[in-house]
Structures are given as C-alpha cells and as structure tokens.
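One letter stands for each residue in the lines below.
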Amino acid sequence: MLVFKRLLCASPVLGAGEDTIIIMIMLAFIKCLLCAEHRCKRWGRYRAAPTFGFLLDVDGVLVRGHRVIPAASAAFRRLADRRGRLRAPVVFVTNAGNCRRHDRARELSGLLGLEVSPEQVVLSHSPLRLLSRFHERRVLVSGQGPVAENARSLGFRDVVTVDELRLAFPLLDTVDLERRPKATVGTPAVVLLGEPVRWETSLQLILDVLLSHGSPGGVPDATPYPHLPVLACNTDLLWMAEAGTPRFGHGTFLLCLESIYRKVTGRELIYEALAGKPSLLTYRYAQHVIQQQARARGWHAPIRSLYAVGDNPMSDVYGANLFHRSLRPGVPGDAETCEAILVRTGVFGPRTASDRPFHGPRDFPDDPGLARAAHVVRDVDEAVRLVLRKEGWETD
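Calculation rules
- Residues numbered from 1 in each chain as written.
- Predicted model: local features only at pLDDT ≥ 70, side-chain atom pairs only at ≥ 80, totals over all residues.
- Heavy atoms only, no water.
- UniProt positions renumbered as here; feature names shortened; annotations may be inferred.
- Helix = DSSP H or I, 4+ residues; strand = E, 2+ residues; numbered from the N terminus.
- Buried < 20%, exposed > 50% of the residue type's maximum accessible area, 1.4 Å probe, protein only.
- Areas by Shrake-Rupley, 256 points an atom, 1.4 Å probe, with all protein chains shown as cover.
- Pairing = 2+ DSSP bridges.
- Contact = heavy atoms within 4.5 Å.
- Axes fitted to C-alpha atoms, helices over the stretch in contact; angles between N-to-C directions.
- Polar contact = N/O pair within 3.5 Å; in protein donor to acceptor, adjacent residues only side chain to side chain.
- pLDDT = per-residue confidence, 0-100.
- Salt bridge = Lys/Arg side-chain N within 4 Å of Asp/Glu carboxyl O.
- Right-handed = clockwise from strand over helix to strand, strands pointing away.
- Expected span 1.5 Å × (residues − 1).

The name that an unreviewed UniProt entry assigns to the protein chain is Haloacid dehalogenase-like hydrolase domain-containing 5, with the source organism given as Ornithorhynchus anatinus. Reading the Sequence similarities (unreviewed entry) entry of the UniProt record for the protein chain gives the comment "Belongs to the HAD-like hydrolase superfamily."

(A) Fine view of the overall build of the protein chain. Helix and strand counts for the protein chain stand at 11 helices and 15 strands. Put simply, the protein chain has 396 residues, and 51% of those count as buried. Taken as a whole, the protein chain presents about 19100 Å² of accessible surface, with 56% of it coming from carbon and sulfur.

(B) Layout of unusual backbone geometry. Between Tyr-225 and Pro-226 the backbone carries a cis peptide bond, its omega angle lying at 5 degrees. Looking at where Pro-226 falls in the secondary structure, it is placed in the loop between helix H7 (199-211) and strand E9 (230-233). Despite not being glycine, His-213 has its phi angle at roughly 55 degrees, a positive value. Of the residues examined, His-213 reaches a relative accessible area of 43% and is grouped as partly exposed. We note that Asn-234 has phi near 65 degrees; this positive angle belongs to a residue other than glycine. Residue placement: Asn-234 occurs in the loop between E9 and strand E10 (238-239).

(C) View of the sheet that holds strand E4 (residues 90-93). In spatial order, the strands read E5-E4-E1-E13-E14-E15; together these 6 strands make up an open sheet with parallel pairing. Looking at the sheet topology across the chains shown, the edges are occupied by strand E5 (121-122) and strand E15 (375-377). Here 5 bridges tie strand E1 (residues 52-56) to strand E13 (residues 305-310), and the two strands are oriented parallel to one another. Bridge assignment links Gly-53 to a residue of E13, and that residue is Leu-306. Here helix H9 (residues 280-296) sits on the sheet and contacts E1, E4, E5 and E13; the angle it forms with E4, its principal contact strand, is near 150 degrees. The strands touched by helix H10 (residues 313-326) within the sheet are E13 and strand E14 (337-343), with E14 carrying the most contacts at an inclination of about 165 degrees.

(D) Fine view of the side chain of Asp-379. Its location among the elements puts Asp-379 in the loop between E15 and helix H11 (380-390). Assessed through its relative accessible area of 11%, Asp-379 is described here as buried. Only 3.2 Å separates the side chain of Asp-379 from the backbone nitrogen of Asp-381, close enough to count as a polar contact. Residues contacting Asp-379, with those up to four places away along its chain left out, are Ala-71, Val-343 and Thr-345.

(E) Focus on the environment of Asn-234. Owing to a relative accessible area of 8%, Asn-234 belongs among the buried residues under this scheme. Note: C-alpha distance between Asn-234 and Ser-279 (45 residues apart in sequence) is 9.1 Å. In this structure, Asn-234 is in contact with Asn-95, Ser-124, Glu-195, His-250, Gly-251, Leu-254, Ala-275 and Gly-276, ignoring residues within four places of it in sequence. In terms of polar contacts, Asn-234 uses its side chain to reach the backbone amide nitrogen of Asp-236, at 3.0 Å.

(F) Representation of the confidence of the model for the protein chain. When the pLDDT values of the protein chain are averaged, the result is 86; 82% of them are 70 or greater. Taken as a whole, residues 1-14 scores under 50 in pLDDT and shows 12 contacts with residues more than four places along the chain or in a different chain.

(G) Quick look at the pattern of salt bridges. Scanning the model with the defined rule gives 25 salt bridges in all. A salt bridge links Arg-78 to Asp-381, with the nearest nitrogen and oxygen atoms 2.7 Å apart. Taken together, the positions of Arg-78 in helix H3 (residues 70-79) and Asp-381 in helix H11 put the pair 303 residues apart, joining distant regions of the chain. Arg-78 sits in the partly exposed class, given a relative accessible area of 21%. For Arg-157, the salt bridge identified is with Glu-136, shortest N-O distance 2.8 Å. On the criterion of sequence distance, the pair formed by Arg-157 in the loop between helix H5 (147-153) and strand E7 (158-161) and Glu-136 in the loop between E5 and strand E6 (138-142) is long-range, its members being 21 residues apart. Each of the two residues, Arg-157 as well as Glu-136, counts as exposed. Ionic contacts of the salt-bridge type, sharing partners, join the residues Arg-100, Asp-103, Arg-106 and Glu-149 into one network.

(H) Quick look at the pairing of E13. When you tally the buried positions in E13, you get 6 out of 6 residues, the bulk of the element. Burial along E13 is two-sided: the face carrying Ser-305, Tyr-307 and Val-309 and the face carrying Leu-306, Ala-308 and Gly-310 are both buried. A crossover connection joins E13 to the parallel E14 through H10; in handedness this β-α-β unit is right-handed.

(I) H10, seen in detail. Compared with the 20 Å implied by 1.5 Å per residue over 14 residues, the 18 Å span of H10 between its first and last C-alpha is a close match. Burial within H10 is extensive, with 11 of its 14 residues counted as buried. Those residues of H10 lying buried are Pro-313, Met-314, Ser-315, Asp-316, Val-317, Tyr-318, Gly-319, Ala-320, Asn-321, Leu-322 and Phe-323. Buried residues along H10 sit against H9, E13 and E14. Its side-chain oxygen at 3.0 Å from the backbone nitrogen of Met-314, Asn-312 defines the N-terminal cap of H10.

Structural data, given as structure tokens:
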C-alpha cells in the first residue's frame with residue numbers, strides 16, 4: 001500500500017482525495033489477482049491428466065449424412081484447447097463400415113474443425129483385427145465401397161468379393177444372364193462388413209457358399225451344419241442420415257439372411273463373431289484405443305470413467321450398458337464405469353416413444369434395462385457439458 005501511495009502521490013494529476021483513488025485502484029488490483037487465480041484454477045483443472053474419456057457415435061450425434069449437427073461444433077469448442085487439441089481422450093465409435101478409416105477421419109476433421117487421426121476412429125469392422133485365427137483363410141467379403149481393401153487392412157490375406165464370386169459362377173446369380181465365368185473360387189469363411197448395394201445377389205451367393213461349405217456351383221449331398229464361420233459387423237437395424245426418418249442398416253440385411261437361412265434349412269444361422277456396437281468386442285477394442293490415445297498424449301493417470309454418447313438405444317445405449325456390466329474395477333486396463341448418454345438428434349428423436357419394441361440383434365437378450373440410458377439430453381453439446389460438470393471440470 002505504501003509503495004502504491006508514494007507512486008500515486010508523485011503523479012501531478014492527483015490532488016485532494018488521493019486516498020480514495022488509491023483505495024479504488026487497490027480494490028481493482030485485488031480483483032484482478034482474484035480473477036487471475038480463478039483462471040489458473042480453472043485452466044489448471046483442464047491441464048490435469050484426465051481420468052475419463054468419450055466414446056462418441058457419429059451418425060445422428062455429430063453428423064446427419066455429410067452435414068454437421070451444430071451442437072457438435074459447440075461441443076468440440078469446449079473440448080479443444082486454443083491449438084485445437086482435445087483436453088480429454090475421444091474415440092469416434094461408429095457402426096459405419098463401408099468406408100476407409102482414414103477417409104472417415106479426414107471427413108470428421110473437416111466437419112468438426114479439428115484434427116481427427118485415423119487411430120481415433122473405430123469402424124464397425126475395426127475389432128476384426130483381433131481375430132487373427134481367420135486372417136490366413138480365404139474369405140468371402142460382402143458390403144460396398146472398398147470392401148477388399150478394408151478386409152486386407154484388417155489382416156485378411158486371401159479375399160474374394162461377392163462381385164468376383166458372381167463372375168466365377170454366373171449361373172448362381174440369375175439376375176444378370178450376361179455374366180461369364182472367370183475363375184474357380186472356394187471360400188471357407190464369410191465376412192459381412194456392411195450392407196451391400198444389390199441385396200438379392202449377396203443374399204443368394206452367401207447362401208450358396210454356406211450351403212455348399214465353401215464350394216458353390218456344385219450340388220452338395222447334404223446341407224452342412226454347422227456351416228462355415230460367419231463374421232458379421234454392424235448389427236444396426238436402423239440408422240439416421242439426412243432423411244427425416246431412420247434408414248435400413250446392415251442389421252436389416254442380416255435379418256433377411258437369418259430368415260432365409262432358417263426357412264431353407266430349418267436351422268439357425270450361426271455367427272462366429274459379431275463386431276460393431278453393441279458387441280462387447282467393439283467396446284473392449286474402443287477402451288484399448290482410448291488408453292493408447294491417453295498414453296500418446298502423456299496422460300498417465302488411469303482412465304476410470306467412460307462416457308458413451310449415442311442416438312440409438314438398441315446399439316449405443318445397449319452396448320454401453322452391456323460393457324459396463326462386464327467391467328472389472330481394479331483390473332489393470334479396465335475402467336470403473338461406462339455411462340450411456342442418449343441424445344435426441346438421430347434415431348432417438350424429440351418425439352420418439354420410450355416404449356419402442358426391441359429391435360436389437362438376434363443374439364442379444366431382450367433386456368429393457370440395457371436399453372435405458374443413464375442420461376437423456378438434447379444433443380452432444382449438452383452431453384459434453386454434463387460430463388465436464390460430473391468430472392469437476394469447469395466450463396464457460
């Protein structure tokens with residue numbers, strides 16, 4: 001105070017009432033100090049190693065088709081620092097599979113205004129990297145887009161597409177009579193990456209492969225059962241794009257395949273593995289990616305809480321709750337909790353009834369509790385604010 005008083009008294013602009021002015025200046029100075037302390041505490045919390053992470057769905061949460069949802073931009077402004085780096089680990093867990101991971105990352109980077117690396121993107125088929133016992137087998141791959149490239153990037157070394165199979169056996173696909181033979185193809189496993197373009201062709205040829213034990217074109221003596229291994233990705237019955245109502249997903253194609261196989265053989269189609277939400281395989285893989293991301297950023301505190309934000313109760317919420325039940329607190333590598341947050345910007349919309357019939361995958365139990373979110377919010381920005389408050393991170 002004495003120093004400030006001497007400095008101010010030396011100023012020619014001060015006269016009578018200088019004590020009052022000094023007090024006012026000191027009060028302003030103290031206020032600045034308190035504000036600076038508050039900012040340091042607030043940003044100090046952001047700089048501390050996070051003990052939580054986000055598992056974010058994409059379609060219906062961040063984007064609708066190729067159009068970003070405005071709330072997503074606001075959410076990432078909260079999560080990113082001034083250099084555009086995320087303050088907490090984020091993994092984009094999508095049931096999309098008819099694309100390449102680096103293409104999806106580049107698209108998200110442009111839409112969200114921050115750098116998204118391919119390592120942050122978990123597609124529906126990404127966990128198939130873990131199923132190395134099938135990588136040496138010749139596999140029939142169904143889907144659309146760069147299916148052969150995607151399959152090889154997952155580790156499959158001997159890949160046959162549905163298009164190649166129909167060229168090799170033109171008599172199996174009666175839709176196009178101009179197709180001619182090209183090669184003999186045997187396929188000891190089937191990988192269903194996503195919904196194809198021509199469902200009737202894929203359904204027919206996949207069934208031929210299963211009924212012939214991988215040797216289509218011949219007439220088998222008996223129907224083999226169990227059939228060849230089937231690996232299926234993305235069991236979503238519905239998904240949300242630009243249209244006002246949900247569209248058919250790969251789960252609808254799988255439902256058709258299951259029904260036809262059962263009708264023809266009288267037996268159930270068997271899946272060797274299911275990938276994509278709501279499978280535990282996908283959430284285990286996503287947790288591993290979250291941990292890798294945290295280590296790469298130098299965040300060595302264990303990730304204790306995961307928050308799965310999605311728009312589909314039957315995949316995003318169901319899967320998160322199923323994963324939460326499987327967690328083993330105290331076991332290295334496992335989080336303690338996984339909370340499901342449901343947004344109203346996609347499959348689950350503002351007027352969606354809460355008593356919808358169960359339309360989850362066939363091989364998952366009809367458990368209403370698993371489809372019940374811990375939180376239901378308007379959009380992803382509200383979800384992010386909710387998480388930051390729960391974790392004690394102050395926001396604007």
